[in-house]
Amino acid sequence: MPRLATLLVTSTLAAGLAACSEGAAPAATPTLTIRAAVQSAAPVRAAGLRSPALLVDSMLSGNPASTRIGMRAAWVSASADCSAPVLVEELSSGAPVEKDFNQSPVLFTGSPAAGQYRCVALGISDVIRFRPDSTFGGCNRDSTYTIDIYRTDNTDPVHDPASVWKDLSLSPITPSGTDASPGDDHVVLIFTTDTAAAQARGFSPYQTLPLGAPLVVPGQSTFVWGGTGTVKTLASGASLGSRTCELEPGMPSFQ
């Protein structure tokens, strides 16, 4: 290579390396982090998320050793009716990214504008996998069980139109699967400081949950699923397909 060309290439590389080492801006720190947890106290049951298919044996219960939920995206809105939502982070538009709530993982991070948000929307899979921490009745600590919280056998668009969940654009979400044969659907849970406002806008009462106080940014929040005593064995002789163990999700909440 001619000497002049060599000098030009060497100078260009040196300048580029100097710019990277001296002028590169550090990665921005997210202003919002949403973690996951499984609450330790016995929860109040969230009646909207599950309709009892078969009677569980209330005398036999246990705790989840693993609670795996597929996460897709998170949004926040300054309005309690969840209008004009702002995306916090999208993990996947296809197959969900499964997170074990018993491991307290980070679910989402992002940088929405500083302020108070009266609605938090979580895009998740409606299929949840869990493993009991002990063996009792029809529950085996070495087995992983799958449940479906939004199914064809717990929606009735004709007689109960409100049982049909909506996405953030208020389009109906068509359920698939049954309690005995779960099917993966993209669903949205709406946490709001005013459930009546969200439902008046068109969200199903079965997908709206109370948000105790506005989510504050910058800050950190924890999405809490069910906890102590939520694993139940089905009544003797009962089964849902091959499943004989049930998970009651309690009242999902933000803390």
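Above this note sits the structure.
Remember, it's a predicted structure, so these values are computed and weren't measured experimentally.

Trainee: Explanation requested: the state of the cysteines in the structure shown.
Mentor: Here a disulfide denotes one covalent bond, and it connects the sulfur atoms of two cysteines. Summed over all chains, the structure comprises 2 disulfides. Covalent S-S linkage joins Cys82 and Cys119, the inter-sulfur distance amounting to 2.0 Å. Looking down the S-S bond of the Cys82 and Cys119 bridge, the torsion is -80 degrees, so its handedness is left-handed. Of this pair, Cys82 sits in the loop between β3 (64–77) and β4 (86–90) while Cys119 sits in strand β8 (residues 119–132), placing them 37 residues apart in sequence.

Trainee: What's the story with the sheet that holds strand β16 (residues 253–254) in this structure? I'm lost.
Mentor: Where strands meet in a sheet, backbone hydrogen bonds hold them as pairs that are either parallel or antiparallel. Ordered by their spatial adjacency, 4 strands build an open sheet running β6-β1-β13-β16, and the pairing between neighbours is mixed. In the strand order of this sheet, the two ends are held by β6 (106–110) and β16, each with one partner. Of the pairings in the sheet, the one linking strand β13 (residues 219–225) to β16 comprises 2 bridges and is antiparallel in character. The partner of Phe223 across the bridge, within β16, is Phe254.

Trainee: I keep staring at the nonpolar core and nothing clicks. Help me out?
Mentor: Considering soluble globular proteins, one finds that nonpolar side chains tend to be buried as a cluster. Core analysis: the largest hydrophobic core is formed by 39 residues, its most contacted members being Leu122, Phe191 and Phe223. In terms of residue count, the dominant contributor to this core is β8 (5 residues). Leaving out residues up to four positions away in the same chain, Phe191 has contacts with Arg118, Cys119, Val120, Leu122, Leu209, Pro210, Leu211, Phe223, Pro252, Ser253 and Phe254. The next biggest cluster of nonpolar side chains, apart from the first, holds 8 residues, and it includes Leu168, Ile190, Ala198 and Phe203.

Trainee: Just to check I follow, could you spell out the environment of Asn63 for this structure?
Mentor: For Asn63, the location among the structural elements is in the loop between β2 (56–62) and β3. Apart from the residues within four sequence positions on either side, Asn63 is in contact with Arg131, Pro132, Asp133, Gly227, Thr228, Gly229 and Val231. A polar atom in the side chain of Asn63 sits 2.8 Å from the backbone nitrogen of Gly229.

Trainee: What's the story with the pairing of β13 in this structure? I'm lost.
Mentor: Each regular strand shows side chains that alternate between the opposite faces of the sheet. In terms of residue burial, β13 counts as a mostly covered element, since 5 of its 7 residues are buried. When strand β1 (residues 32–38) meets β13, the two strands line up parallel, connected through 7 bridges. In the strand pairing of β13, Val38 is matched with Trp225.

Trainee: Can you help me understand the packing of aromatic side chains in this one?
Mentor: Any pair of aromatic rings gets described here by the distance separating the centres and the angle formed by the planes. The tally for this structure, following the rule as stated, stands at 7 aromatic pairs. Here the aromatic rings of Phe223 and Trp225 are separated by 6.0 Å at their centres, their planes lie at 80 degrees, and the arrangement is edge-to-face. The two residues Phe223 and Trp225 agree in class, both being buried. The structure contains a cluster of three or more aromatic residues connected by ring pairs, namely Phe101, Phe191, Phe223, Trp225 and Phe254.

Trainee: Sorry, what's going on with unusual backbone geometry here?
Mentor: Where the residue is not glycine, phi is negative for most of them; where a peptide bond is considered, it is trans in most cases. Put simply, Val217 and Pro218 share a cis peptide bond, and its omega is 5 degrees. Following the sequence through the fold, Pro218 ends up in the loop between β12 (215–217) and β13. A positive phi angle is found at Cys82, which is not glycine, with a value near 65 degrees. On the basis of relative accessible area, Cys82 is assigned to the buried category, the value being 1%. Positive phi outside glycine occurs at Ser104, with the angle close to 50 degrees.

Rules behind the numbers
Residues numbered from 1 in each chain as written. Predicted model: local features only at pLDDT ≥ 70, side-chain atom pairs only at ≥ 80, totals over all residues. Heavy atoms only, no water. Disulfide = S-S within 2.5 Å. Helix = DSSP H or I, 4+ residues; strand = E, 2+ residues; numbered from the N terminus. Pairing = 2+ DSSP bridges. Core = buried A, V, L, I, M, F, W, Y, C linked by side-chain atoms within 4.5 Å. Buried < 20%, exposed > 50% of the residue type's maximum accessible area, 1.4 Å probe, protein only. Contact = heavy atoms within 4.5 Å. Polar contact = N/O pair within 3.5 Å; in protein donor to acceptor, adjacent residues only side chain to side chain. Phe/Tyr/Trp six-rings, centres within 6.5 Å; stacked < 30°, edge-to-face > 60°.

Shape descriptors only; they carry no functional weight alone.
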